[in-house]
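Listed below are the residues making up each chain.
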Amino acid sequence: STKLTHFLRLFNRIGHAIVIASTSDNLRKSILQAAGQSVTTSYNTQNQQQKDASIYTDGGNLPCKRIYFIPCPKLSYKADRWVFRNFINEAIQMAN
């Protein structure tokens, strides 16, 4: 998609990791497709072993070192700040 392409161009300049809500099917599938088969295989293997857990992989074909997949079923356009805060806190803990 053009939004993903724009995001990746911007990210290439500033980022070392991508953090996504793995419960967002479209976003997760787009990132996995762009990252390549090795990342998709790693994600699927880990997801089968730890259903609905936070997972990280290497960046694959993307210009980052890691991709963090964090389940966040309550994340939406109308999510309150605590949902977003918990999502970000999980990402920070995984990165440390």
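Since the model is a prediction, treat every value here as computed from it, not as a measurement.

The rules behind these values
Residues numbered from 1 in each chain as written. Predicted model: local features only at pLDDT ≥ 70, side-chain atom pairs only at ≥ 80, totals over all residues. Heavy atoms only, no water. Patch = residues over 30% accessible without salt bridge, like charges linked within 9 Å, V, L, I, M, F, W, Y side chains within 5 Å. Areas by Shrake-Rupley, 256 points an atom, 1.4 Å probe, with all protein chains shown as cover. Salt bridge = Lys/Arg side-chain N within 4 Å of Asp/Glu carboxyl O. Helix = DSSP H or I, 4+ residues; strand = E, 2+ residues; numbered from the N terminus. Buried < 20%, exposed > 50% of the residue type's maximum accessible area, 1.4 Å probe, protein only. Phe/Tyr/Trp six-rings, centres within 6.5 Å; stacked < 30°, edge-to-face > 60°. Contact = heavy atoms within 4.5 Å. Pairing = 2+ DSSP bridges. Axes fitted to C-alpha atoms, helices over the stretch in contact; angles between N-to-C directions.

## Some thoughts on a nonpolar patch on the surface
Inference 1: A surface patch of nonpolar side chains, about 270 Å² in accessible area, is lined by Phe-84, Ile-88 and Ile-92.
Inference 2: By the secondary structure assignment, Ile-88 is in helix H4 (residues 81–95).
Inference 3: By relative accessible area, Ile-88 is classed as partly exposed at 32%.

## Here's the deal with the packing of aromatic side chains
Inference 1: Taken as a whole and assessed by the stated rule, the structure comprises 2 aromatic pairs.
Inference 2: With centroids separated by 4.7 Å and ring planes inclined at 55 degrees, the aromatic side chains of Tyr-43 and Phe-69 adopt a geometry described as tilted. You can see Tyr-43 sitting in helix H3 (residues 37–49) and its partner Phe-69 sitting in strand E3 (residues 66–70), a full 26 residues away along the chain. The same class applies to Tyr-43 and to Phe-69, which are both buried.
Inference 3: Relative to Tyr-68, the ring of Tyr-56 has its centre 6.0 Å away and its plane inclined at 50 degrees; by these criteria the two rings are tilted. Taken as a pair, Tyr-56 in strand E2 (residues 55–58) and Tyr-68 in strand E3 lie far apart in primary sequence, 12 residues in all.
Inference 4: Tyr-56 sits in the partly exposed class, given a relative accessible area of 37%.

## Observations concerning the environment of Gly-59
Inference 1: Mapping Gly-59 onto the fold places it in the loop between E2 and E3.
Inference 2: Here Gly-59 falls in the buried class, since its relative accessible area comes to 3%.
Inference 3: A C-alpha to C-alpha distance of 8.3 Å links Gly-59 and Ile-18, two positions 41 residues apart in sequence.
Inference 4: Residues within four places of Gly-59 in sequence aside, it is in contact with Ala-35, Val-39, Cys-64, Lys-65, Arg-66 and Ile-67.

## Remarks on the side chain of Thr-57
Inference 1: Note that Thr-57 resides in strand E2.
Inference 2: Residues in contact with Thr-57, not counting those within four places in the same chain, are Val-39, Ser-42, Tyr-43, Gln-46, Lys-65, Arg-66, Ile-67 and Phe-69.

## Examining the sheet that holds E2
Inference 1: Taken in spatial order, the 3 strands line up as E1-E3-E2 in an open sheet, and their pairing is mixed. Either end of the sheet is taken by a strand with one partner, and the two such strands are strand E1 (17–21) and E2. Between one strand axis and the next, the sheet turns through 20 degrees on average, direction left out of account.
Inference 2: As defined by bridge partners, E2 adjoins E3 across 4 bridges and the pair is classed as antiparallel. Residue pairing in the sheet places Tyr-56 in a bridge with Tyr-68 of E3.
Inference 3: Contacting E1 and E3, helix H2 (residues 25–35) crosses the sheet at an angle of about 160 degrees to E3.

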